[in-house]
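Notes for the structure review
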Amino acid sequence: MIHIIIEGVLAYAATVGFGIILNIPRHALNVAGWIGAAGWAVYELIVLKSGAQIPLAQMAIGMLTAGLLIGVLSNWAARVKHMPVILFNIPSLVPLVPGGQAYQVIRNLVTGHGNIALDYLGQVIAIAGMIALGFLLSELLVRITYRLRHALKTK
């Protein structure tokens, strides 16, 4: 459990740091940091039981869930703070970006290990696709709930 807390703090710091680099408003940094930490914590809780070697399917489900949570929380924060959603979801993605796998793709291509590079490339594509699908589903969910709420108010 302490492992998840430490990584959550680091995910918060990475999100806030990237938000500073992107020059998002100061009063959005803390919320974006908490959203990034929540997304990372959900991912970690899903893949925690798998041990050292994480199956690709479990990693993909973790990324989908984390992307969905980040998308929903970013939409909520944008409505509460009256700011664009992109100010919250872009910095919050930083802890989930598959930079280590992308590095391994290039490293194995350069060293001549094409098969290993293709394995890592599959991971990069799966992770990026699941994060994008999570964002798509979160936007769909938010729009459906907004329309249902609006339809119930007019009746």
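Everything below is about the structure shown above.
Residues numbered from 1 in each chain as written. Predicted model: local features only at pLDDT ≥ 70, side-chain atom pairs only at ≥ 80, totals over all residues. Heavy atoms only, no water.

**Here we look at the pattern of salt bridges**
Under the defined criterion, the tally for this structure stands at one salt bridge. Note that R143 is salt-bridged to E139, the shortest N-O span being 3.1 Å. Remark: E139 and R143 occur in helix α6 (residues 114–154); sequence separation between them is four residues, near one turn of the helix. You can call R143 exposed: its relative accessible area is 52%. In this structure E139 comes out as partly exposed when scored by relative accessible area, which is 28%. (Salt bridge = Lys/Arg side-chain N within 4 Å of Asp/Glu carboxyl O. Helix = DSSP H or I, 4+ residues; strand = E, 2+ residues; numbered from the N terminus. Buried < 20%, exposed > 50% of the residue type's maximum accessible area, 1.4 Å probe, protein only.)

**Some details on the packing of aromatic side chains**
If you walk through the whole model with that rule in mind, you get two aromatic pairs. On the numbers, 5.4 Å between centres and 55 degrees between planes, the contact of Y12 with W34 is tilted. Separated by 22 residues along the polypeptide, Y12 in helix α1 (residues 2–21) and W34 in helix α2 (residues 26–47) bring together distant segments of the chain. Of the residues examined, Y12 reaches a relative accessible area of 26% and is grouped as partly exposed. (Phe/Tyr/Trp six-rings, centres within 6.5 Å; stacked < 30°, edge-to-face > 60°.)

**Some details on the layout of surface pockets**
Rolled over the atoms, a probe as big as a water molecule pinpoints where empty space is left. Considered as a void within the structure, the largest pocket measures approximately 190 Å³ in volume. Lining the largest pocket, in full, are V72, N75, W76, R79, L141, V142, T145, Y146 and R149. In terms of residue count, the dominant contributor to the lining of the largest pocket is α6 (five residues). Partitioned by chemical class, the residues of the lining of the largest pocket number five nonpolar, two polar and two charged. (1 Å grid on protein atoms, 1.4 Å probe; cavity = no way out; pocket = protein on both sides within 12 Å on 5 of 7 lines; lining within 4 Å. Points joined across faces, edges and corners; volume = space filled by probe spheres on them. Nonpolar A, V, L, I, M, F, W, Y, C, P; charged D, E, K, R; others polar.)

**Some points on the nonpolar core**
Residues I24, Y43, M63, F88, L96 and I131 are the most contacted members of the largest nonpolar core, which totals 24 residues. Where this core is concerned, the elements lending two or more residues are α1, α2, α3 (56–81), α4 (86–93) and α6. Looking at which element gives the most residues to this core, the answer is α2, with seven residues. Dropping the residues within four chain positions of it, I131 is found in contact with M63, G67, L93 and L96. (Core = buried A, V, L, I, M, F, W, Y, C linked by side-chain atoms within 4.5 Å. Contact = heavy atoms within 4.5 Å.)

**Topic: α3**
Taking 1.5 Å as the rise per residue, α3 with 26 residues should run 38 Å; its terminal C-alpha atoms sit 36 Å apart, in good agreement. When we look at burial in α3, the residues that qualify are M59, A60, G62, M63, A66, G67, I70, G71, S74, N75, A77 and A78. Packed against the buried residues of α3 are α2, α4, α5 (99–110) and α6. H82, located one to two residues past α3, shows a positive phi value of around 55 degrees. (Expected span 1.5 Å × (residues − 1).)

**Notes on the environment of N23**
For N23, the location among the structural elements is in the loop between α1 and α2. On a C-alpha basis, the gap between N23 and L87 in space is 9.4 Å, while along the polypeptide they are 64 residues apart.

**Brief notes about the packing of α1 against α2**
Pairs of packed helices are described in terms of their axes, by the angle between the two and the distance that separates them. Two elements in contact, α1 and α2, have axes separated by 7 Å at closest approach and are oriented at 140 degrees. It follows that α1 is oblique to α2 by the angle criterion. At the point where α1 passes α2, the crossing takes the right-handed sense. Residues H3, I4, E7, G8, A11, Y12, T15, V16, G19 and I20 of α1 form the contact with α2, whose participating residues are L29, N30, A32, G33, W34, G36, A37, W40, A41, E44 and L45. Tallied by class, residues from the contact of α1 with α2 come to twelve nonpolar, seven polar and two charged. (Axes fitted to C-alpha atoms, helices over the stretch in contact; angles between N-to-C directions. Parallel < 35°, antiparallel > 145°, perpendicular 65-115°, else oblique. Left-handed = near helix turned anticlockwise from the far one by under 90°.)

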